[in-house]
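# Breakdown of the fold
Spelled out from the first residue to the last, the chains are:
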Amino acid sequence: MGIFDTVRFDPPRTCPNCGTTISEVQTKVFDPGLREYRVGDVIYGSPILSGVIREDLYCPGCAAMENSERRSVWFSIWHTLLVGVYDDPSEAEARLQTVDRAELLDYLARHQSAALTWHDRFSRLYGELQNLHDFQQRDENDEAKREDLRFFRIREILDADDPLGELISNNRPQNPEDETEVSRED
Ligand SMILES: [Zn+2]
């Protein structure tokens, strides 16, 4: 298999042969690094600045029925930005002419919002870890430490049988995009 990237379809595509829902395609046409892309993402190591690139589309439904008909998708790349995924190369080509500023702004807003979400998650995790560590470093007989506001804020973690486990569980990914991250842990 080797290293590949994944392009996620949003919305998912339906296989024209068998009707199976296909939510992603794996590809090695970029600079593979196990990255996950959606329309609106800049492609790292795109072999072209702007244009159309073909990739085989694997359908698990067709594979199960041993239907070997080869299907493809075409990526539209505009200044290394993935602006669309199409079943037809001429549609993908046409897409390059229709990218407008409002769309670019939407992509930008989406990435900024995602960055904020990650920032908040990291800050919370870091803060709780720091407080737990500081609590554990304090003298066991230090009665005042319970009253410290920082420790009061993480009292549920401190009161658990396994504080670190409680902290990890408190910081589980919430947003749907991270479900794979959660299931991998289980
Ligand atoms: Zn199929």
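Residues numbered from 1 in each chain as written. Predicted model: local features only at pLDDT ≥ 70, side-chain atom pairs only at ≥ 80, totals over all residues. Heavy atoms only, no water.

## Description of the sheet that holds strand β3 (residues 36–37)
This is how it is decided: Strands pair, by our definition, only if DSSP identifies at least two bridges between them. We count a stretch as a helix when DSSP gives it H or I for four or more residues in a row; a strand needs E for two or more, and each element gets its number in order from the N terminus.
Read from one edge of the open sheet, 3 strands run β2-β1-β3, paired in mixed fashion. The outermost strands of the open sheet, each flanked by one partner alone, are β2 (21–27) and β3. Bridging between strand β1 (residues 5–14) and β3 involves 2 bridges; their strand directions are parallel. Its bridge partner being in β3, V7 is matched across the sheet by Y37.

## Observations regarding the sheet that holds strand β5 (residues 72–78)
Quick note on the threshold: The angle between two axes is taken between their N-to-C directions and runs from 0 to 180 degrees, where each axis is a line fitted to C-alpha atoms and a helix contributes only its stretch in contact.
The strand order across the open sheet formed by 3 strands is β4-β5-β6, and the pairing between neighbours is antiparallel. Edge positions in the sheet fall to β4 (51–56) and β6 (81–86), since each has one partner strand and no second. When the angles between neighbouring strand axes are averaged without regard to direction, this sheet yields 25°. Examined bridge by bridge, β4 and β5 share 6 bridges and lie antiparallel to one another. Across the sheet, residue E55 finds its bridge partner in β5, namely V73.

## A look at the domain arrangement of the chain
Interfaces are often sized by the amount of accessible area the parts lose when they come together. Note the threshold: An automatic or database domain assignment supplies the residue ranges for each domain. Throughout, the accessible surface (probe 1.4 Å) given up by two parts as they are put together, summed over both, is called the buried area. Salt bridge, as used here, is a side-chain nitrogen of Lys or Arg placed within 4 Å of a carboxyl oxygen of Asp or Glu.
Domain annotation of the chain identifies domain 1 (5–95) and domain 2 (101–185). Using only C-alpha atoms to locate each centre, domain 1 and domain 2 end up separated by 35 Å. Counting each side, the surface lost to burial between domain 1 and domain 2 is near 620 Å², with a carbon and sulfur contribution of 42%. The three residues of domain 1 that bury the most area against domain 2 are R38, G40 and R95, which together make up 53% of that side's buried surface. Counting every contact that joins domain 1 to domain 2 gives 2 salt bridges.

## Describing the pairing of β2
Pairing geometry for β1 and β2, over 6 bridges, is antiparallel. Looking across to β2, one finds that D5 is bridged to T27. Count of turn residues in the β1/β2 antiparallel hairpin: 6 residues, of which G19 carries a positive phi of about 80°.

## A short note on the environment of E166
Condition: Residues count as neighbours in contact if any of their non-hydrogen atoms are within 4.5 Å of one another.
Assignment of secondary structure puts E166 in helix α6 (residues 163–170). Each C-alpha atom, one on E166 and one on E156, is 8.2 Å from the other, the two residues being 10 residues apart in sequence. For E166, the contacting residues outside a window of four places in its chain are E156, I157 and A160.

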